[in-house]
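A closer look at the structure
Each chain is listed here by its residues.
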Amino acid sequence: MIFSTAHEFGGFGLTAFALTLGSGLLVALLQTFMRYASRKPPSGSTHSLKIDDAIFYIDWIVTSAVALGYSMVTVTMDGDPKTQIETPTVVVALLVLVVGVAMLPPLVRDTCYDATGKIKGWWHVVVLDLIGLTFLASSVVAGVKTYGS
């Protein structure tokens, strides 16, 4: 069953990963459709989409950062010893947040964009989006480990 809990798959299983991947891709498709539908194409073109419209890693990293932060605060306030997060997990989560939100943007600016501020190519878009999906999946893993669904 696609909506079975991760516990039925022996921990973080296919379902949690599939739902994460599916949600990320669905958001990307809906954002792309809304961009396509809301812009007038330039003269002589059939659409107004640009390569930058395929960059979703920012949305996914911000979503995972907010979800991780919210989960950590919720679990801390819960007080239930069964759902307490171990210190190493908190440290790793905070490091991921710092890397994703503070350190990744300057690295992306220096390696993926040219001097005019344009993305260098589709390969860079694909790699950035895969990094964003990795952050999103890691926040799901942290949630499954914490709440044990």
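Small disclaimer: the values here were computed from a predicted structure and weren't measured. (Residues numbered from 1 in each chain as written. Predicted model: local features only at pLDDT ≥ 70, side-chain atom pairs only at ≥ 80, totals over all residues. Heavy atoms only, no water.)

**So, the overall build of the chain**
What counts is decided by this rule: The way it works is that DSSP assigns letters per residue, a run of H or I at least four long becomes a helix, a run of E at least two long becomes a strand, and they are numbered from the N terminus. Only protein chains enter the calculation, and the probe is 1.4 Å; a residue is then buried if its accessible area is under 20% of its type maximum, exposed if over 50%, and partly exposed in between. We call two residues in contact when some of their heavy atoms are within 4.5 Å. Reported accessibility uses the Shrake-Rupley method at a 1.4 Å probe radius. Residues are deemed covered only where the shown protein chains occlude them.
For the chain, the count of helices and strands is four helices and zero strands. Its helices and strands in sequence order give the chain the pattern α-α-α-α, from N to C terminus. The burial tally for the chain puts 30% of its 149 residues in the buried class. Summarising the internal contacts of the chain: among those between residues at least 6 apart in sequence, 61% fall at separations of at least 24. Total accessible area computed for the chain in this model is approximately 9,900 Å², and 71% of it derives from carbon and sulfur atoms.

**Structural notes on the nonpolar core**
Put simply, the test is: Side-chain atoms within 4.5 Å link the members of a nonpolar core, which is a set of buried Ala, Val, Leu, Ile, Met, Phe, Trp, Tyr and Cys residues.
Core analysis: the biggest nonpolar cluster contains 11 residues, these being A54, I55, Y57, I61, L104, V108, C112, I119, V125, L128 and F135. Those elements giving two or more residues to this core turn out to be α2 (57-78), α3 (87-112) and α4 (122-147). With residues up to four places along the chain from it excluded, the contact list for V125 reads I51, A54, I55 and I119.

**Remarks on the environment of T63**
Note the threshold: Polar contacts, as counted here, are pairs of nitrogen or oxygen atoms within 3.5 Å of one another; within protein the pair requires one atom able to donate a hydrogen and one able to accept it, and residues that are adjacent in sequence qualify only if both atoms are side-chain atoms.
Position of T63 among the secondary structure elements: in helix α2. With relative accessibility at 43%, the residue T63 sits in the partly exposed group. For the pair T63 and F135, spaced 72 residues apart in the sequence, the C-alpha separation amounts to 9.0 Å. In terms of polar contacts, T63 uses its side chain to reach the backbone carbonyl oxygen of D59, at 2.7 Å.

**Some details on the pattern of salt bridges**
Operational definition: By definition here, a salt bridge exists when the distance from a side-chain nitrogen of Lys or Arg to a carboxyl oxygen of Asp or Glu is within 4 Å.
In this structure the tally under the stated criterion is three salt bridges. Between D53 and R35 there is a salt bridge whose closest N-O contact spans 4.0 Å. Placement of D53 in the loop between α1 (14-38) and α2 and of R35 in helix α1 is noted, with a sequence separation of 18 residues between them. For R35, a relative accessible area of 22% gives the class partly exposed. The shortest N-O distance in the salt bridge between R109 and D110 comes to 3.8 Å.

**Digging into the side chain of D53**
Residue classification places D53 among the buried positions, given a relative accessible area of 9%. Not counting chain neighbours up to four residues away, the residues in contact with D53 comprise T32, R35, R39 and S48.

**Points about the environment of I131**
Mapped onto the secondary structure, I131 falls in helix α4. I131 sits 74 residues away from Y57 along the chain, and the two C-alpha atoms are 6.8 Å apart.

**What about the environment of L128?**
Inspection of the secondary structure puts L128 in helix α4. What makes L128 buried here is its relative accessible area of 2%. L128 sits 72 residues away from F56 along the chain, and the two C-alpha atoms are 8.0 Å apart.

**Focus on the side chain of S48**
The residue S48 is located in the loop between α1 and α2 in this model. Taking the relative accessible area as the measure of exposure, S48 reaches 8% and is therefore buried. Apart from the residues lying within four places of it in its own chain, the contact partners of S48 are R35, R39, K40, P41, P42 and D53.

Treat this as a map of the structure, not an account of what it does.
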